[in-house]
Structures are given as C-alpha cells and as structure tokens.
Amino acid sequence: MIQGGHELPLDVLYARRNAKWAKYGKDVLPAWVAEMDFAVAYPIRRAMQRIAEEQEYGYAMRNGAQAEKSLTAAFARRMQARYGWTVDPALAEPLTDLVQGQFATIWAFSQPGDGIILHLPAYPPFHMAIKETGRHILANRMVPAAGRFEIDFDDMKAQARQSSMIMLCNPQNPTGRVFTRAELEAILAIAVEHNLVVVSDEIHSDLIYDDLVHIPFASLSDEAAARTVTITSATKGFNIPGLRCAVMHFGTAELQARFRKSFPSHMLGSPGIVGIDATVAAWDEGQPWQDETVRVLGANRNRIAEYFAAELPGMTFYKPEGTYLSWVDCSGLNLPGTAHDFFHERAKVAFSPGEAFDTNCPKFARFNFATSPAILEQILGRVSKAVRSHNA
Ligand SMILES: Cc1ncc(COP(=O)(O)O)c(C=O)c1O
C-alpha cells in the first residue's frame, strides 16, 4: 500500500499493472509511454478514497448539479489561476480523453480528403486521427536550430493554402518545445490568412522549466479564440492518465455550435466520477505537489544534458523546455537498426521509437525521464554501457 512520498521504488513500480511497467519484463527499465514514476498528490488520493469508502457509484452530482459542471468550473478556475486566461465554463465540454477530442474536432471541422498541418515529429495518435478520418497529413518538419526544434514557417505558409486545420501541440511532444508568443502569433497569422481552425493540445502545459511560460493559444486574441479548440486535462501534469478525464474548450459559442452540428450532445460520451473528482482535486489543491514534481523533473533534465555531453557524444539530447519527454538523436552512433531496438536489446532500456513520431526518424528515440534520480542513473549507466560496447 502506497502511503505517500514522492518517488516509488523499483519493486513497487514493477508490481504495477499500468502500461509503462507492465509491457516489458523485469529486466527492462521503461522510459517510454508518458507516465511518471511518482506517487500522486495527496488531494487526489483523498478524493479516490472518499468515493471508495462511501461507495458513491451512482449518477454523480457535485454541489447540487451534474458532476461534469464541477469539472468545467474547475477548468475555468485553473486557466484563470495558472495562465490569467478567462474562460466561460459553458464553452468547455467534458471528454474522456484528448485523443477523442483530436478525432472529433477533425471530423467536425474538416472534410474527407482535406490536408491538416501537423508539426513533425508528432505524438503518434495525431497521425492516426488525421489518417483514420480520411484526411491527410501536411507534414511540417521542425528544424533543429540552436539546440531546439523550430517551426519551418515558409513551409507552413505554403501548406496552409491546401489545408483546413492546424493540429498544434504546445508544449510539443516529443521535442519538449514551449512555443514563444512570437511563434504562436506567427501560427495565428497563417491561420487567420487561410481561415483555418486550430486545435491546440495543451496537455503538457503544467510541466515547464526555468522562467518560460505557457501561453494558451486561444488567449492570444479574440481572433485566435474564434478559431481555436483547446484540449487539455490534468492527466499528464498530475500523473493520472488512466482515469480518463479531459476538457475541450471552444473559443466562441459560434465555434461550439459548428462543432455541435457534427456531434450532437451525447455522441462523445462522458468521463466517470473518479476522473472528474481526481481532476478537480488536482487542479484546485495539487499545486504544491506539482511544483515539487517539476523541480525533480528539471533536475533530471539537467542531469541528462550533462551526462550526454560528457559521456555520449554520438547522441544529441535536445533539452526540453517543457514536458518530461525528450527527443534524442542517435544518428551519430551509426547503429545498424533503429535506436529503439538497439537500446531495448543491448541496454535493456525501453524508449519510444522515433519512427512512430516521424517515419524519417528511426535513429531517434523519445526518452521519458519522469522517474527517480536513482532509476535515472541506472538508465544512463545502461545506455552508456551499450554504446561503449557498440563502439568497442
Ligand atoms: C500531446 C498529447 N496529447 C494527448 C495525449 C493523451 O491524452 P489522453 O490519454 O487523454 O488521450 C498525450 C499522452 O501522452 C499527449 O502527449
């Protein structure tokens, strides 16, 4: 029974039934799917315990209204408190998960055969959402510049002529970019010129380093709000992805009405009370936990940057500005196969395969470093040993 404490030991982690620790055997250290190896915040645990102890398994009400209203109200409080962004809770709708929001918005705001701009490398479900709905990806490959990945705006302007939507991910998975106001304004200018809808996935917005800030795309201006659907949740920032609860916010009532024409009110399903209560507890009371978590993650990030520079010159670690994910270029190692397979087989470390984010990137891996400093050292040691034996 986990009582508290932030870091979880290896035996507890290997006993878990969630994807990160259950997919591979006990000889492998997992650093792939976006889950963190930390105990959740106490307010979330307390909310879960209350539901179980009181056996509150009926149709849920909170504060005299349907429980979903407590979720959208908490979303509005959170956006105001964290980002100074004032949102109308009536324009926010509960979802079970963000990927559902990606599929639904593509369905509602584009037509089969349309092109949709996606910055690559990109989280694999974005690719799926565009392809499985019969649209096609307009691949905007970001370019490395001064240690980070940047959007190719010339390419994007050309693509916008054949596009109806932009799928934006900010902070970006897997590069960890936190787009600046100037970059977001440049995206907006393209969207306005070509009348594009922007779906802004901001699921990683809580996890940002140094003095950088997250700017909700819809908060840029009224013009931005009028074309933006924001999808977000507490699931990454508070490590509760299995509870399936998210929010989709429309910048205006007109945009929401356009969506509703394709998706009548109950077509999306709704989150369960466990996810709702956990999310409300996280957003309203979880900030001290999250501040401490971001401190640990930031220290891990700095440790990897130092370690790679000193020990692993054949690998380029693009230090993320946000998220606990990082995009690692292993092409300097001259590996025979993919980076993922090499590290899985030779280091017994499971990264996410680069080619899942961009088919051009089999020599890249996505490294999830949301673990304890002790486990991180083991991962780094295994990676370094495998690289040394490959070079020997
Ligand atoms: C950018 C991004 N969007 C969405 C998700 C998944 O969200 P959900 O589990 O709510 O579908 C993730 C998970 O890692 C993600 O990184």
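Residues numbered from 1 in each chain as written. Predicted model: local features only at pLDDT ≥ 70, side-chain atom pairs only at ≥ 80, totals over all residues. Heavy atoms only, no water.

Observations regarding the sheet that holds strand β16 (residues 352-353)
Part 1 of the argument: Taken together, four strands build an open sheet; the order of strands is β13-β14-β17-β16 and the sheet is antiparallel. Both outer strands of the open sheet, β13 (316-318) and β16, are each paired with one neighbouring strand and no more.
Part 2 of the argument: Where β13 lies against strand β14 (residues 325-329), three bridges are found, and the strand directions are antiparallel. Paired with Y318 across the bridge in β14 is W327.
Part 3 of the argument: Docked against the sheet, helix α12 (residues 287-311) engages β13, β14 and β17 (364-368), running at close to 155° with respect to β13. (Pairing = 2+ DSSP bridges. Helix = DSSP H or I, 4+ residues; strand = E, 2+ residues; numbered from the N terminus. Contact = heavy atoms within 4.5 Å. Axes fitted to C-alpha atoms, helices over the stretch in contact; angles between N-to-C directions.)

A look at the environment of L91
Part 1 of the argument: Mapped onto the secondary structure, L91 falls in the loop between α4 (67-83) and β4 (92-95).
Part 2 of the argument: Here L91 is in contact with M248, H249, F250, G251, T252, A253 and Q256, once residues within four sequence places are set aside.

Topic: the site of the ligand
Part 1 of the argument: Around the ligand there are 13 residues in total, and L98, N173, D201, H204 and K236 lie nearest to it.
Part 2 of the argument: Contact distances for the ligand include 3.2 Å between an oxygen atom and a side-chain N or O atom of K236.
Part 3 of the argument: When isolated, the ligand has an accessible area of 400 Å², and the protein chains bury 94% of it.
Part 4 of the argument: Ranked by residues supplied to the shell around the ligand, first place goes to helix α5 (residues 98-109) with three residues.
Part 5 of the argument: A per-class count over the shell around the ligand returns six nonpolar, three polar and four charged. (Near = heavy atom within 4 Å. Polar contact = N/O pair within 3.5 Å; in protein donor to acceptor, adjacent residues only side chain to side chain. Areas by Shrake-Rupley, 256 points an atom, 1.4 Å probe, with all protein chains shown as cover. Nonpolar A, V, L, I, M, F, W, Y, C, P; charged D, E, K, R; others polar.)

As for the nonpolar core
Part 1 of the argument: Core analysis: the biggest nonpolar cluster contains 70 residues, and L297, F308, M315, Y324, F343, F367 and V383 have the highest contact counts within it.
Part 2 of the argument: Here this core gathers at least three residues from each of two domains, domain 1 (10-41 + 287-391) and domain 2 (48-284).
Part 3 of the argument: With residues near it in sequence (within four places) discarded, F343 still touches M315, C330, L333, K348, V349, F351, V383 and V387.
Part 4 of the argument: With 28 residues, the next largest nonpolar core counts L98, I130, V199 and I203 among its residues. (Core = buried A, V, L, I, M, F, W, Y, C linked by side-chain atoms within 4.5 Å. Buried < 20%, exposed > 50% of the residue type's maximum accessible area, 1.4 Å probe, protein only. Domains from an automatic or database assignment.)

Regarding the domain arrangement of the chain
Part 1 of the argument: Entries for the chain in the domain assignment read domain 1 (10-41 + 287-391) and domain 2 (48-284).
Part 2 of the argument: The C-alpha-based centres of domain 1 and domain 2 are spaced at 26 Å.
Part 3 of the argument: Facing 30 residues of domain 1, the contacting portion of domain 2 comprises 35 residues.
Part 4 of the argument: Both faces combined, the contact of domain 1 with domain 2 buries some 2,700 Å², and carbon together with sulfur accounts for 56% of it.
Part 5 of the argument: Between the two partners, domain 1 and domain 2, sit four salt bridges.
Part 6 of the argument: Notably, a salt bridge pairs R141 with D358, separated by 2.8 Å at the nearest N-O pair.
Part 7 of the argument: Along the contact surface separating domain 1 from domain 2 lie 20 residue pairs in polar contact (both at pLDDT 80 or more).
Part 8 of the argument: Here the side of domain 1 that touches domain 2 is composed, by residue class, of 16 nonpolar, eight polar and six charged. (Buried area = accessible area lost by both parts, 1.4 Å probe. Salt bridge = Lys/Arg side-chain N within 4 Å of Asp/Glu carboxyl O.)

Here's the deal with helix α8 (residues 181-193)
Part 1 of the argument: The end-to-end C-alpha separation of α8 is 18 Å, in line with the 18 Å expected for 13 residues at 1.5 Å each.
Part 2 of the argument: The complete set of buried residues in α8 reads E183, L184, I187, L188, I190 and A191. All buried residues of α8 lie within an arc of 160° about the axis, which places them on one face of the element. More than 90 degrees from the buried face of α8, the exposed residues found are A182 and E193.
Part 3 of the argument: Contacts made by the buried residues of α8 are with β5 (115-120), β8 (148-150), α7 (153-160), β9 (163-169), β10 (197-201) and α9 (222-225). (Expected span 1.5 Å × (residues − 1). Arc of directions from axis to C-beta.)

A short note on the packing of aromatic side chains
Part 1 of the argument: Summed over the entire model, instances satisfying the criterion amount to 16 aromatic pairs.
Part 2 of the argument: Relative to F259, the ring of F109 has its centre 6.3 Å away and its plane inclined at 35°; by these criteria the two rings are tilted. Pair noted here: F109 is in helix α5 and F259 is in helix α10 (residues 253-262), with a separation of 150 residues, a long-range link. An identical accessibility class is assigned to F109 and F259; each is buried. (Phe/Tyr/Trp six-rings, centres within 6.5 Å; stacked < 30°, edge-to-face > 60°.)

A word on the state of the cysteines
Part 1 of the argument: For the structure on display, the rule yields zero disulfides.
Part 2 of the argument: Unpaired in terms of disulfides, C245 finds its nearest cysteine sulfur in C169, a separation of 19 Å.
Part 3 of the argument: The class for C245 is buried, based on a relative accessible area of 2%.
Part 4 of the argument: Considering cysteine sulfurs only, C330 is the nearest to C361, which forms no disulfide, with 11 Å between them. (Disulfide = S-S within 2.5 Å.)

Observations concerning the pattern of salt bridges
Part 1 of the argument: Applying the stated criterion across every chain, the model contains 18 salt bridges.
Part 2 of the argument: Measuring nitrogen to oxygen at the nearest pair gives 2.7 Å for the salt bridge that ties R46 to E285. Taken as a pair, R46 in helix α3 (residues 42-54) and E285 in helix α11 (residues 273-285) lie far apart in primary sequence, 239 residues in all.
Part 3 of the argument: Overall, R46 belongs to the partly exposed group, its relative accessible area being 37%.

Focus: the pairing of β4
On a regular strand, one side chain projects to one face of the sheet and the next to the other, so that they alternate.
Part 1 of the argument: Neither face of β4 is open: one carries A92 and P94, the other E93 and L95, and all of them are buried.
Part 2 of the argument: Pairing geometry for β4 and strand β12 (residues 246-250), over four bridges, is antiparallel. Among the inter-strand pairings, L95 is bridged to a residue of β12, identified as A246.

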